[in-house]
Every structure is written in C-alpha cells, then in structure tokens.
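Chains, contacts and geometry: an overview
Listed below are the residues making up each chain.
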Amino acid sequence: MDRDKSVASGPRPLILLYGGAFDPVHRGHLAMAARAWAATGADRLCFLPAGQSPFKPSGHVSAAHRLAMLQQAVAALPGAEIDDQELHRRGRSYTVETLRALRARLGEDVALLWLLGADAAAGLQRWHEASALPQLTHMLVVARPGASIPDLETGPPPRFQRCAPEAFRAAPGGRWASLDLGTYPEASQDIRARLAAGEAADDLLPPAVSSYIAAKGLYGPSA
C-alpha cells in the first residue's frame with residue numbers, strides 16, 4: 001500500500017484494514033473481509049499479515065510462507081491489497097505502530113477502519129498503547145461463535161463512538177460499529193490440526209492455498 005498522503009477533493013477515502021497471522025489464510029478470512037468491504041463501502045481493502053504478536057506464539061510456518069499463501073488467496077479478491085510492513089519489523093508487532101506508519105504515509109484525513117473479531121475486541125484494553133487507538137482508526141467488530149460483541153462506547157477504555165457501518169467516512173477515526181456476517185466454521189488452528197493429523201482440509205482453504213501447502217509440505221505430520 002504505497003500511495004502517498006495526497007487526497008483528491010471529494011468524499012473522505014475509507015480504507016478497510018484486516019490484520020492477522022493468516023497461518024494459514026482460509027475461506028473464512030476471505031469471506032469475512034469481502035462482506036465487510038461490501039457492508040462499509042470502503043474504497044480499499046488491505047490485508048496486514050502480522051509479525052510477532054504480543055499475545056500469540058510465533059507463527060507455525062515462516063513469515064515468507066504466510067505471505068505467499070496470502071498473496072495466492074487475495075488474488076481471488078480483485079482490488080484487495082497486502083501491506084507486509086509488520087513482517088519486516090523486528091521484535092513484537094503492535095497495531096498502534098502499524099497504524100501510525102499508515103497515517104504517516106496516507107495522511108491524517110483518510111478514514112482507517114480496523115476489522116477484528118468480537119473475541120479480539122473484548123481484549124482491546126490490553127493492546128499496546130490502547131488509549132491512542134481512537135485517534136488513529138475506527139473499529140469494525142464482527143460477531144464470532146462463542147464471543148459476545150463488547151460495547152466499545154461504554155465499556156473499558158479505549159472508547160469509540162458508535163455509528164452505522166456506512167458512516168465511517170464522517171471522521172478519520174474514533175468510531176465503531178458491529179456486523180453479524182454469519183458463522184464461518186473455519187479456524188486456522190483447526191486447519192493446522194487436521195493437516196498435522198494427515199487429514200485433508202481442502203474444504204476450508206482456497207484452492208490456491210491448498211495447493212501451495214501441499215507443494216511445500218506445510219503443517220503436515222512431518223512438518
């Protein structure tokens with residue numbers, strides 16, 4: 001995502017950001033991103049593969065493999081982009097640093113919208129420099145099985161103003177909305193477990209990703 005901070009006259013640009021380990025990326029990731037993109041009317045959709053998360057162990061395969069699989073998968077979403085800045089950052093990756101880098105590149109007036117599941121949103125107060133997040137981005141919280149959607153307006157800080165999913169362009173950041181996009185049974189952890197047991201997971205993976213995993217021998221019993 002190399003565009004500069006110049007903004008043409010007209011409505012404020014809205015960029016939907018989807019971060020995650022994508023270890024591996026699966027059909028649920030793509031479906032959730034596509035439906036959130038449509039629901040918000042965002043101008044751009046950008047996937048941000050995570051570096052070293054402060055909350056999770058290191059990836060089960062290398063960053064290079066995770067990026068390659070994501071590139072294969074995103075090809076099925078015309079217009080979607082990948083920003084791999086976190087993969088080049090040493091040490092732990094913090095969302096607030098990623099957002100600041102995007103702000104420096106894209107400008108202060110662009111509306112940034114971070115897509116995350118209800119389970120992750122429930123722990124937002126534990127994120128590094130969480131109090132800075134409302135000045136940097138909006139939040140779009142997606143329902144997840146077994147996790148209730150937290151109220152980011154009246155719950156523990158950081159707090160965001162509630163809005164409709166189509167109203168994010170009104171400000172560069174500081175708002176939140178929720179979406180129920182249906183249930184996606186795919187989970188990277190379950191896919192890894194199936195592959196480690198020697199079972200197929202083609203029904204949960206984009207075909208190009210499934211082929212890549214098989215060609216590289218990833219996640220299998222001997223991996």
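Residues numbered from 1 in each chain as written. Predicted model: local features only at pLDDT ≥ 70, side-chain atom pairs only at ≥ 80, totals over all residues. Heavy atoms only, no water.

**Looking at the pairing of strand β5 (residues 138–142)**
Threshold: Burial classes follow relative accessibility: with a 1.4 Å probe on protein chains only, a residue under 20% of its type's maximum area counts as buried, one over 50% as exposed, and anything between as partly exposed. Runs of H or I in DSSP of at least four residues are treated as helices and runs of E of at least two as strands, each being numbered from the N terminus. A pair of strands counts as paired when DSSP detects no fewer than two bridges linking them.
In terms of burial, β5 is a largely internal element, 5 of the 5 residues being buried. What you see with β5 is no split at all: His-138, Leu-140 and Val-142 on one side and Met-139 and Val-141 on the other are buried throughout. Bridge count between strand β4 (residues 111–117) and β5: 5 bridges; the pairing is parallel. Counterpart to Gly-117 in the pairing with β5 is Val-142. Pairing analysis gives 4 bridges linking β5 to strand β7 (residues 175–179), with the strands arranged parallel.

**Some words on helix α2 (residues 63–74)**
Operational definition: Between the first and last residue of a helix there are one fewer steps than residues, each counted as 1.5 Å, and that sum is the expected span. In this analysis, two residues are considered to be in contact whenever any of their non-hydrogen atoms come within 4.5 Å of each other.
Relative to the 16 Å expected for 12 residues at 1.5 Å per residue, α2 spans 16 Å between its end C-alpha atoms, a close match to the ideal helical length. Residues Arg-66, Leu-67, Ala-68, Met-69, Leu-70, Ala-73 and Val-74 constitute the buried set of α2. For α2, the secondary structure elements touched by its buried residues are β1 (14–20), α1 (27–40), β2 (44–49), β3 (81–82) and α7 (207–216).

**Regarding the pattern of salt bridges**
Applicable threshold: For this analysis, a salt bridge means a side-chain nitrogen from Lys or Arg found within 4 Å of a carboxyl oxygen belonging to Asp or Glu.
Counted under the stated rule, the structure contains 7 salt bridges. Glu-81 is the partner of Arg-44 in a salt bridge, and the nearest nitrogen-oxygen pair spans 2.9 Å. Of this pair, Arg-44 sits in strand β2 while Glu-81 sits in strand β3, placing them 37 residues apart in sequence. Its relative accessible area of 11% is what places Arg-44 among the buried residues.

**Here's the deal with unusual backbone geometry**
Residue Pro-24 is reached from Asp-23 by a cis peptide bond, and omega for that bond is 5°. As for its position among the elements, Pro-24 is in the loop between β1 and α1. Pro-158 follows Pro-157 through a cis peptide bond whose omega is 5°. Here Pro-158 shows up in the loop between β5 and β6 (161–162). If you check the backbone angles, Phe-22 has positive phi at about 50° while not being a glycine. With respect to the secondary-structure elements, Phe-22 resides in the loop between β1 and α1. You will see that Glu-129, though not glycine, has its phi angle at about 50°, which is positive. Judged by relative accessible area, which is 37%, Glu-129 ranks as partly exposed.

**Some details on the nonpolar core**
Convention followed: Take the buried residues of types Ala, Val, Leu, Ile, Met, Phe, Trp, Tyr and Cys, join any two whose side-chain atoms come within 4.5 Å, and each joined set is a nonpolar core.
Counting 41 residues, the largest nonpolar core has Leu-16, Phe-47, Met-69 and Leu-140 as its most contacted members. Not counting the four nearest positions on each side in its chain, Phe-47 is found in contact with Tyr-18, Phe-22, Leu-30, Ala-33, Leu-70, Val-74, Leu-77, Ala-80, Glu-81, Ile-82 and Asp-83. The next biggest cluster of nonpolar side chains, apart from the first, holds 26 residues, and it includes Leu-99, Leu-102, Leu-136 and Val-141.

**Re the sheet that holds β6**
Keep this limit in mind: To define axes, lines are fitted to C-alpha atoms, for helices over the stretch in contact only, and angles between the resulting N-to-C directions are given on a 0 to 180 degree scale.
Read across the open sheet, the 7 strands follow the order β3-β2-β1-β4-β5-β7-β6; overall the sheet is parallel. On the outer flanks of this sheet lie β3 and β6, each paired with one strand and no other. Packing against the sheet, α1 makes contact with β1, β2, β4, β5 and β7, and its axis sits at approximately 160° to β1.

**Side note on the packing of aromatic side chains**
Note the following rule: Only Phe, Tyr and Trp rings take part, Trp by its six-membered ring, and two of them pair if their centres are within 6.5 Å. Stacked means planes under 30 degrees apart, edge-to-face means over 60, and tilted covers everything else.
Summed over the entire model, instances satisfying the criterion amount to 3 aromatic pairs. Both rings, one in Tyr-18 and one in Phe-47, keep their centres 5.6 Å apart while their planes meet at 40°; by these two values the pair is tilted. Of this pair, Tyr-18 sits in strand β1 while Phe-47 sits in strand β2, and the two are 29 residues apart along the sequence. Residue Tyr-18 is classed as buried on the basis of its relative accessible area, which comes to 7%. Measuring from ring centre to ring centre gives 5.8 Å for Phe-22 and Phe-47, while their planes differ by 65°; the resulting arrangement is edge-to-face.

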